[in-house]
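Coordinate inspection notes
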Amino acid sequence: MFSYTKVKLEKSMVDKIKRYAAIAGYSSPEEFITHALEKELALLEDAEDEEEIKKRLQGLGYMS
Amino acid sequence: MHPGLLLAVLAGVVLGAPSIADAYIGPGAGFAVLGSFAVLFVTMLIAGVSILAWPFRMLWRVIRRRTKSKPLIKRLIVVGFDGQEPRITERMMAEGKLPNLSKLAKTGCYSKLRSTFPSITPVAWSSFTTGANPGKHNIFDFLDRDPRTYLPRLSSTEIGSVDRVLKLGKLRIPLAKPSIRLLRKSKPFWTILGEHNIWSTVIRVPITFPPDKFYGAQLGAMCIPDLLGTQGTFLLFTTRSSEERFQEGGLRFELSPNGSKDSFEGTIKGPENTFYEGNPPMEVPFTLDLDRAAKQATMAINGDTIALRRGELSPWVKLSFKAIAGMKVTGICRLMITEMEENVSLYVSPINIEPEKPVMPISHPGYYCSYLEKKLGPYATLGLAEDTWALNEKVTDDHTFMTQTRDIENERERMLFTALDRLRKGMLVTVFDATDRVNHMFWRYTDDDHPAARDIDDPEYANAIEDQYRRNDEVVGKVMERLGPNDVLWVLSDHGCTSFRRGVNLNAWLLENGYLALKEGSDGREEWLQSVDWSRTRAYAVGLVGMFLNIEGREAHGIVKPGEEAAALKVELKEKLDGLQDAVEREVAINEAFDTDALYRGPYKGNAPDLLIGYNHGYRISWDCASGVVAGPVFEDNIKAWSGDHIVDPRLVPGIFLANHPIHREDPAIIDLAPTALSLFGIPPAAHMEGKTLVDTAHFDGREESAQP
C-alpha cells in the first residue's frame, strides 16, 4: 500500500520518455524510467562500502 | 512446468551452500517485521480503512476515468488447466469422454494454442497476462542466473534483505521492511481493464508473487514460497539412519525415542529467526505416541493433539513458531505416518504460508486471502503446492500424491465458484494446476517401456491422466451451467506435455566438446557449477531451458568477447546442437537450438539465455544438469516418477483453446488472449502488445446493449 514515492519530472523530459518507451516496447513511460534507473543502480549496488560507492559514482560521472 | 527442477535447484543451494542460500533465498528476513500479530493488526486496519474509503474511491474512479469503454459482453470467464495436452484432449473428445468440452468445441471453437518459447508455465502465463513476448515481460525461465556468481536465482521474485537493525544484546530489531518485488514486467491486461473501470478477479495465475495492484482481487500463485523460504521443502522425520541427502528437495531429521518403544520426539525447524544474531531457525518440538495395533498415532504439538492414521494425510495442521515474545509466525502443513513397523517415519508436507494471517503479501487486496480462508477453510498457498518431490524421492506414494493433488484441486474449484457466483460483471480467471502435475508424474504409465515404469504391472493410477481430463471436463460443465447470454467462456492450457525418458546434461556435453573446463583436480561432481574453471569456460547451462555464453563484461569471469566473437560462438554451438543425436537410443535428442537474440524483441531480451534448447519428444534437461553437476554422461535414462515434461521444442507441445464463440484465426497463440480480452470489453489492445485479437467484434454486436452497465 505505501510502497511507492512520487517524483516530479519536467514535462519536456516526460514527453521524450513517452516516445522512447513506446518505440522500445515498454508498457508505460513509468516502466521505461524504472528500468533505466534499475540498470544504473545495479552498477552501484554490490559496492562494499561508502568509499567504493563514491568511486563508482565518480566513474559513472555522477560525482567529480 | 517444473516445480521439481526448481525445487532441486533451490533446495540444493539451501542445503549445499548456506552462505549462497542466504544471498538469494531471503524470505527469512521478510518474516522479521511481518510478524503474525503485526500483520493481523495492519490487515484489519487496512480492511477497515478500505471499507470506509470505498464510496470515496468509487467516486474518485468515476471522476478520474479518462476513457469510456463500451463492453461487448458482461463477463469473461477464463478457466486455465495448466498443461492440458491437445493430443489427449482430442482423442478423448473423439471417444465421447469429454462431453462438455465437445459441446463447447461444437457451439464455439476448439483449437490448439501456440505456447511461448520456451513452453513452460512462468513464461507462457506471463505472455497470457501481458500479451507480449518474453523480451517485454522479462520472464524466460523459472530461474535466472546471477552473472556475478553464476548461481541460479528465482527469475520472477526478488526479496531484499533488511540492512537497518537496532541491536539490543542478542536481539536485532529490524527498522525497515524488506522489499519484495515482482520481476515480471510490462502490464497485465487486468490492470488495463481496471483503468477502464472493469473489475477482474485473478485466482492463481502463475507469476503473481507479490500480487499485482489493480481494480480487482487476486490470489497469488507461483512463486509464493513456503515458510522456509523455498519453493516447497518437505520434511521427513524417521528412525531410519541414513547419510543420504534427498536429491531434489526434502530434509531428513531424526525421530528420537522418547522413553518407550512407542514414543518418539522431534523438532520441526521453521524459518530463520532474524531477530537473533546468526538467524537461528525457529523451532517447534513435538512428541509422537504410537498405537501400532490400531495403526494410529497421536502427535502433541503447539499444545494441540493431532490424531494420525498410518498412510493417511492429516487435514491442514497449523504450526506456530515463536519469533520473540508476543510475536509468532504461523504456517500450515499436512502430516502422514508413512511407516510404523520396524521403523517409524513421519512425513511433513511443505509448510505453507497460512492464508488467514499471511507473513508475506500473497493476495490483493491484502485481506483477500484471509477472506477466502474464512469462507472456505485453510488452503494451499505455496506457489508449487503439490508435493511432487516427496513422490519423486519415494517418501510418499502415488495415492498420497493424488490425494494431495485432488484436495488442492477441490480448494481451487471452491474458489472459482465463490468468485463466479459473486461476479456480476467483469473478468474472472482461475488456473488449475492438477493437470500439469498429473501429466508430469503419471506419464510413465501411458508410455510403453518408459524407464520409470518398466517394473510396474497394472498400477493403481494407470488412468490418472485420463481421469484428470474427465474431472476438468466436469468443472467446465459446472461453469457452463452458470453462464448468462452475455458471458464469454474460455478454456485454455499454457502448453501440453510429452514423454521425458532421457535426460540431457548440457554441461557434460559442453565439457566433452571443449567449451567448458573443470578446476584442476575437480571430478565435476559438485553442484551449482562449483567445479567449473570460468577462466577457461566459454559456455554454460543454468536453469532449465537454455545455455549462456561466458561473456566478458557481462559475466563476472567472462572470456568471450561480446560482438563478433560471441556471435560466432553462438553459431558454432547452434550448428552442433541442431539435430544432436543420442547415440545409444539412435534418436534425435535436440531438434533445434534457438538464438534468443533473433527470437525475442523488447527491452529485457538481454536477460534471456543466449541459446534456447528445443528438445525432441522424450528428451529434456537432466536432473544432474539442473543442479549444476557437470560430471556424468551426456544422456541417461530418466527413472523418476516425474516422467512427462514440456521443456522441449515448443512446437511439439502447444496447449488448447476452447471458447463459446468462434474465432477468426486458425493458429491462435497464448499471446493473443490479452488483446482479445481487452477487445471484448471495448478497449483497443495496448500498443506494446504483440498478440492480435482473435475475435470479430461484430459477432458480439447484438449483445452490446444488454451488456451496458
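Residues numbered from 1 in each chain as written. Chains lettered and ligands numbered in written order. Predicted model: local features only at pLDDT ≥ 70, side-chain atom pairs only at ≥ 80, totals over all residues.

Observations concerning the environment of Ala589 of chain B
Residues and elements named next belong to chain B. Relative to the helices and strands, Ala589 resides in the loop between strand S30 (587-588) and strand S31 (590-595). Overall, Ala589 belongs to the buried group, with 23 C-beta atoms counted inside 10 Å. Separated by 87 residues in the primary sequence, Ala589 and Arg502 have C-alpha atoms spaced 8.5 Å apart. Excluding residues within four positions of it along the chain, Ala589 makes contact with Arg502, Val504, Leu580, Gln581, Asp582, Tyr615, Asn616, Tyr619 and Phe635. (Helix = DSSP H or I, 4+ residues; strand = E, 2+ residues; numbered from the N terminus. Buried ≥ 20, exposed ≤ 12 C-beta atoms within 10 Å, placed from the backbone. Contact = placed C-beta atoms within 7 Å.)

Structural notes on the confidence of the model for chain B
Should the pLDDT be low somewhere, the predicted coordinates at that spot are not to be read in detail. All names here are of chain B. Averaged over all residues, the pLDDT of chain B is 89; the fraction at 70 or higher stands at 89%. Contacts of residues 1-41 to residues separated by more than four positions or lying in other chains number 112 contacts, the stretch itself having pLDDT below 50. Model confidence for the complex is summarised by a pTM of 0.90, with the ipTM given as 0.87. (pLDDT = per-residue confidence, 0-100.)

Section: helix H19 (residues 673-680) of chain B
All names here are of chain B. Burial of H19 is extensive: 7 of the 8 residues sit out of reach of the surface. By the burial criterion, the buried members of H19 are Leu673, Ala674, Pro675, Thr676, Ala677, Leu678 and Leu680. Structurally, H19 contributes buried residues whose contacts are with strand S1 (75-81), helix H7 (121-130), helix H9 (189-195), strand S24 (426-432) and strand S25 (487-492). Phi turns positive one or two residues past the end of H19, at Gly682, with a value near 75°.

Considerations on the interface of chain A and chain B
Counting from both sides, the interface comprises 10 residues of chain A and, opposite them, 12 residues of chain B. Counting only elements with at least two residues in the side of chain A that touches chain B, the list comes to helix H1 (11-24) and helix H2 (29-42) of chain A. Of the residues contributing to the side of chain A that touches chain B, the split by class is 4 nonpolar, 4 polar and 2 charged. (Nonpolar A, V, L, I, M, F, W, Y, C, P; charged D, E, K, R; others polar.)

Remarks on the sheet that holds strand S11 (residues 235-238) of chain B
Residues and elements named next belong to chain B. Overall, mixed pairing links the 4 strands, which are arranged S12-S11-S21-S20 in an open sheet. The strands lining the two open edges of the sheet, one partner per strand, are strand S12 (251-254) and strand S20 (335-340). Pairwise comparison of adjacent strand axes, ignoring direction, gives a mean angle of 20° for this sheet. In this sheet, S12 lies alongside S11 in parallel orientation, the contact comprising 4 bridges. Residue Thr238 lies in a different strand from S12, and its bridge partner there is Glu254. (Pairing = 2+ DSSP bridges. Axes fitted to C-alpha atoms, helices over the stretch in contact; angles between N-to-C directions.)

Thoughts on the environment of Val14 of chain A
All names here are of chain A. When you line up the elements, Val14 lands in helix H1. Along the primary structure Val14 and Pro29 are separated by 15 residues, whereas in three dimensions their C-alpha atoms are 7.7 Å apart. In this structure, Val14 is in contact with Leu9 and Pro29, ignoring residues within four places of it in sequence.

Considering the sheet that holds strand S14 (residues 263-272) of chain B
Residue and element names in this part refer to chain B. Reading across from one edge, S13-S14-S15-S16-S17 is the order of the 5 strands in this open sheet, with antiparallel pairing throughout. Of all strands in the sheet, those with a lone pairing partner are strand S13 (256-257) and strand S17 (304-309), marking the two edges. In this sheet, strand S16 (residues 296-301) lies alongside strand S15 (residues 281-291) in antiparallel orientation, the contact comprising 6 bridges. Each residue of the ladder has a partner; that of Phe286, found in S16, is Ile301.

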